[in-house]
Amino acid sequence: MEHTKPMVEVKDLKKYFKTKRGMLHAVDGVSFSISKGETLGLVGESGCGKSTLGRVMIRLLEPSGGEARFWGENILAYPARKMKEMRKRVQIVFQDPYSSLNPRLSVSELIAEPLLVNRVYPGAAERNRKIAELMDTVGLARRLINAYPHELDGGRRQRIGIARSLALSPEFIVLDEPVSALDVCIQAQILNLLNSLQKQFGYTYVFISHNLSVVKHVSDRIAVMYLGKIVELSDYRSLFSEPLHPYTQALLSAIPLPKFGKKRNRIILEGDVPSPIEPPEGCRFQGRCLYRQEICTVKTPELRELEPGRFVACHFARALVPAGGKGQYNGERTVS
Amino acid sequence: MEEKRLLLDIQDLSIRYETEGGAVHAVEHLNLSLAPGENLGFVGETGAGKTTSALGIMRLVPSPPGRIVSGKILFEGEDLLNKSEEEMRAIRGGKIAMIFQDPMTSLNPVITVDKQIAEMVLLHNDMTKEQAEERAVEMLELVGIKRERARDYPHQFSGGMKQRVVIAIALACNPVLLIADEPTTALDVTIQAQVLELMQELRRKINTSLIMITHDLGIVAEMCDKVAIMYAGKVVEYAATEALFNHPGHPYTEGLFNSIPDLDSDEEELKVIRGLMPDPTNLPGGCAFHPRCPYAVEECSRTAPSMAEIEPGHFVACPVRARPYLDRGKQGVE
């Protein structure tokens, strides 16, 4: 049992957006905690609120409610000046290294930007030494120091994004789909880099991705999101070997495995993700769930700790009975 | 007459783009064949030449700057490169259909989906407008879209549903060959599963051959009988899916597999391919992969490798890796 206080505690965090058709519940009452040096994976499909959650918890977007405590203090209540200090310690790397870098700035200017904005390393010589050091850290050849983003490939651009986020020696980094725009070989290089940086500097990561094999590779624990809510949260091994929520089960079964002859009992979900605008009471997943019962349409299931460290938001976890006699999930991957 | 007539037989196809920075050798000496009803996976990273090859088959390579420099594309025994534009127009969408990656941009936003399908049907069949529209509704039902939604516009559908409409258009004229260029890359994984399932089911129903262009080896394992791995404009390995997945021959193929995080085991570090894709206007001499290859020997920088058959039907363009197999083969004969 761990006695150390978690580094990050998110409590009942909410972010609603006003739209013409009503309130869009992007993040709807999410709670979790992260220990120092840990990687929490955040997975879900487009529109499930994972990126919004990543932004709200470090206050790039103002929340509609809830708390995000870092080292015990709720940064969502911080006044502006204190928040600015805080920003040095929490950073973010964005998905698209094509649109998140200013095309008119060279590599050295891009990496210098956070240093200048926060007035650290005011002396040019010292700053240049820091820039060179950061380029070494993320594996950018020093000869590229005067290159512009358009001259570089996606992998190198993403290395600039990472160097920028590391410039102020943060403790906590939100990685928002950092490898999704990259080819598999470059993706592998960046994943190895993030892993070795974490070992070297003890960073704490939130790793947001829709790619389940990537998330499994990098994460200690994984939270699965569906329509603004966490439906399951568990260590990565249990999540992949025995998913408890029907949505997690379907999601895992849908991954095409790059292995021959490994066919699984695929659960094909019917229909699409419903609208997050003014969602009705009840389980968000019930419309597509194979195990729906009456209670699911009226009562929203809480995220409960089924056993130590394994959280699931389903009324019938471990007691799923198929509603229409459709195939039941069996944990087996190999079915001939 | 061979017992199995080839549906598609590409011989020595080379396609170039003439750019200000020099000629880009997008496709170099491509040889591929496809029997009726067969499924071929076409795998490679961005810029490997997969899409250009597909556009070449359809004779849709934008020209200029693109140019088909040499080769033959025999389709049902006839060379597509000798066809007139008018003949090609009858083939495209008729006997050969293509599905593009992004369903959001391949549909016309101001025309209802039934009309878009009917347009294709009318173009290739002698039918009245009413018959074509009825056929459109049938096609929509085939891909799982209800009759009531036929008069809807593309923006009223979700991404997965739009891709279904695109598939309905592609299959409306019963093509014998379907080329799908990353058909599920823009979709979420549960929706991707729906679309792949649908494509499998439809293929069984109408017995179309399929060329599946993808970067996802998982999709290949599920959908394809044969695989061609492309690197810098060339096919470096070509084999039955089972052989390629169980014992990949080319160092690049091996590197691709090692780059994918494994769901069934824990590994700290991924074994990456060192370096980057080469500049397409300035490819390394000899084997284009040799600067990144852990097995490279001196000869690799001098001689461009040719395809060697290491096992029946398993071709590898790497003399270093092929040698042990070929030596073993010789001993077997002696």
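Definitions and cut-offs
- Residues numbered from 1 in each chain as written.
- Chains lettered and ligands numbered in written order.
- Predicted model: local features only at pLDDT ≥ 70, side-chain atom pairs only at ≥ 80, totals over all residues.
- Helix = DSSP H or I, 4+ residues; strand = E, 2+ residues; numbered from the N terminus.
- Rg over C-alpha atoms; globule rule 2.2 N^0.38 Å.
- Buried ≥ 20, exposed ≤ 12 C-beta atoms within 10 Å, placed from the backbone.
- Contact = placed C-beta atoms within 7 Å.
- Nonpolar A, V, L, I, M, F, W, Y, C, P; charged D, E, K, R; others polar.
- Core = buried A, V, L, I, M, F, W, Y, C linked by C-beta atoms within 7 Å.
- Pairing = 2+ DSSP bridges.
- Axes fitted to C-alpha atoms, helices over the stretch in contact; angles between N-to-C directions.
- Expected span 1.5 Å × (residues − 1).
- pLDDT = per-residue confidence, 0-100.
- Parallel < 35°, antiparallel > 145°, perpendicular 65-115°, else oblique.
- Left-handed = near helix turned anticlockwise from the far one by under 90°.

**Student:** Please clarify how the overall build of chain A should be interpreted in this entry.
**Tutor:** Within chain A one finds 9 helices and 12 strands. Taken against the 2.2 N^0.38 rule, which gives 20 Å for 336 residues, the C-alpha radius of gyration of chain A at 21 Å falls within 12% of a compact globule. When the backbone C-alpha atoms are referred to their principal axes, chain A occupies close to 70 × 50 × 45 Å. The 336 residues of chain A split such that 46% are buried. Long-range pairs, those at least 24 residues apart, make up 65% of the contacts in chain A between residues at least 6 apart in sequence.

**Student:** Explain the overall build of chain B to me, please; I cannot follow it from the model alone.
**Tutor:** Looking only at helices and strands, one finds 10 helices and 12 strands in chain B. Taking 20 Å as the expected radius of gyration for a compact globule of 334 residues, we find that chain B reaches 21 Å, a close match to that expectation. When its C-alpha atoms are laid out on the principal axes, chain B stretches across 65 × 50 × 50 Å. In chain B, the share of contacts with a sequence separation of at least 24, taken over all contacts with a separation of at least 6, comes to 64%.

**Student:** Before we go on, may I ask you to explain the interface of chain B and chain A in this structure?
**Tutor:** Quite often, the size of an interface is put as the accessible area lost when its parts meet. Across the boundary between the two partners, chain B contributes 34 residues, which contact 31 residues of chain A. Counting only elements with at least two residues in the side of chain B that touches chain A, the list comes to helix H6 (189-206), helix H7 (217-223), helix H8 (241-246) and helix H9 (251-259) of chain B. The element contributing the most residues to the side of chain B that touches chain A is H6(B), with 6 residues. Among the residues making up the side of chain B that touches chain A, the classes are represented as 15 nonpolar, 12 polar and 7 charged.

**Student:** Where do I start with the nonpolar core in this structure?
**Tutor:** Ala163(A), Val224(A), Ile230(A), Ile117(B) and Ala168(B) are the most contacted members of the largest nonpolar core, which has 197 residues in total. In this structure, Ile117(B) is in contact with Ala136(B), Met139(B), Ala168(B), Ile169(B) and Ala172(B), ignoring residues within four places of it in sequence.

**Student:** I tried to follow the sheet that holds strand S12 (residues 314-316) of chain B on my own but got confused; where do I start?
**Tutor:** In sheet architecture, strand pairing relies on hydrogen bonds along the backbone and comes in two forms, parallel and antiparallel. Residues and elements named next belong to chain B. Spatially, the 8 strands line up as an open sheet ordered S6-S7-S8-S3-S9-S10-S12-S11, and their pairing is mixed. At either end of the open sheet lies a strand with only one pairing partner, and these are strand S6 (96-99) and strand S11 (308-311). When strand polarity is set aside, the average angle formed by the axes of neighbouring strands in this sheet is 20 degrees.

**Student:** Mind showing me how you'd approach H6(B) here?
**Tutor:** Three or four residues apart is the spacing at which side chains of an α-helix point the same way, because the helix has 3.6 residues per turn. In this model, H6(B) (18 residues) spans 26 Å end to end at C-alpha, consistent with the 26 Å of a helix rising 1.5 Å per residue. Residues of H6(B) that are buried sit in contact with helix H9 (246-253) of chain A together with helix H5 (159-171) and H7 of chain B. One or two positions beyond H6(B), positive phi appears at Asn207(B), with a value near 50 degrees.

**Student:** Whenever I open this one, the pairing of S6(B) confuses me. Can you help?
**Tutor:** Consecutive side chains along a regular strand alternate between the two faces of the sheet. All names here are of chain B. What you see with S6 is no split at all: Ile96 and Met98 on one side and Ala97 and Ile99 on the other are buried throughout. As paired strands, S6 and strand S7 (residues 177-181) are joined by 4 bridges and run parallel to one another. Bridge pairing in S7 links Ala97 to Leu178.

**Student:** I'm lost on the sheet that holds strand S2 (residues 22-34) of chain A in this one. Help?
**Tutor:** All names here are of chain A. Taking strand neighbours across the sheet as the criterion, the 4 strands line up as S2-S1-S4-S5 in an open arrangement whose pairing is antiparallel. In the strand order of this sheet, the two ends are held by S2 and strand S5 (73-74), each with one partner. Summarising the sheet, strand S4 (residues 65-70) and S5 pair through 2 bridges and their orientation is antiparallel. Bridge assignment links Phe70 to a residue of S5, and that residue is Glu73.

**Student:** Sorry, what's going on with unusual backbone geometry here?
**Tutor:** Phi is mostly negative for residues that are not glycine, and the peptide bonds are mostly trans. Of note, the amide linkage connecting Ser63(B) to Pro64(B) takes the cis form, showing an omega dihedral of -10 degrees. You can see Pro64(B) is positioned in the loop between helix H1 (50-57) and strand S4 (66-75). Of note, the bond from Pro64(B) into Pro65(B) is cis; its omega dihedral lies within 30 degrees of zero at 5 degrees. Note on placement: Pro65(B) falls in the loop between H1 and S4. A positive phi is found at Glu177(A), a non-glycine position, where the angle reads about 50 degrees. When you line up the elements, Glu177(A) lands in the loop between strand S7 (172-176) and helix H6 (184-201).

**Student:** Which parts of the structure should I look at to understand the pairing of strand S8 (residues 204-209) of chain A?
**Tutor:** All names here are of chain A. Counting buried positions along S8 yields 6 of 6 residues, so the element is predominantly enclosed. Of the strand pairs in this sheet, strand S3 (residues 39-43) and S8 are connected by 5 bridges, and their pairing is parallel. By the bridge assignment for S8, Gly41 is matched with Phe207. Pairing analysis gives 5 bridges linking S7 to S8, with the strands arranged parallel. Opposite Leu175, over in S8, you have Phe207 as the bridge partner.

**Student:** Explain the confidence of the model for chain A to me, please; I cannot follow it from the model alone.
**Tutor:** Low pLDDT marks stretches whose predicted atomic positions should not be read closely. Summary statistics for chain A give a mean pLDDT of 89 and a share of 94% for residues scoring 70 or more. Throughout residues 325-336 of chain A the model reports pLDDT below 50, and contacts reaching past four residues in sequence, or to other chains, amount to 15 contacts.

**Student:** For this particular structure, what's the right way to read the environment of Gly41(B)?
**Tutor:** Residue and element names in this part refer to chain B. Among the secondary structure elements, Gly41 is positioned in strand S3 (residues 39-43). The class of Gly41 is buried, set by 24 C-beta atoms lying within 10 Å. Placed 195 residues apart in sequence, Gly41 and Val236 show a C-alpha to C-alpha distance of 13 Å.

**Student:** When you look at the packing of H6(A) against H9(B) in this model, what are you seeing that I'm missing?
**Tutor:** Axes are the key here: two packed helices are described by the angle between their axes and the distance separating the axes. Running from amino to carboxyl end, H6(A) crosses H9(B) at an angle of 50 degrees, the nearest separation of the two axes being 9 Å. In this view, H6(A) runs oblique relative to H9(B), as classed from their interaxial angle. The two elements H6(A) and H9(B) cross, and the hand of that crossing is left-handed. Between H6(A) and H9(B), the contacting residues are Val184(A), Cys185(A), Gln187(A) and Ala188(A) on the first element and Gly255(B), Leu256(B) and Ser259(B) on the second. Residue composition of the contact of H6(A) with H9(B), by class: 4 nonpolar, 3 polar and no charged.

**Student:** Please clarify how the confidence of the model for chain B should be interpreted in this entry.
**Tutor:** Taken over all residues, the pLDDT of chain B has a mean of 88, while the share at 70 or more is 97%. Quick note on the complex model: pTM equals 0.86, ipTM equals 0.82.

**Student:** It is not clear to me how the environment of Leu53(A) should be interpreted in this structure. Could you clarify?
**Tutor:** Residue and element names in this part refer to chain A. For Leu53, the position within the fold is in helix H1 (residues 50-57). Separated by 39 residues in sequence, Leu53 and Ile92 have C-alpha atoms that sit 12 Å apart. Apart from the residues lying within four places of it in its own chain, the contact partners of Leu53 are Val27, Val30 and Leu42.

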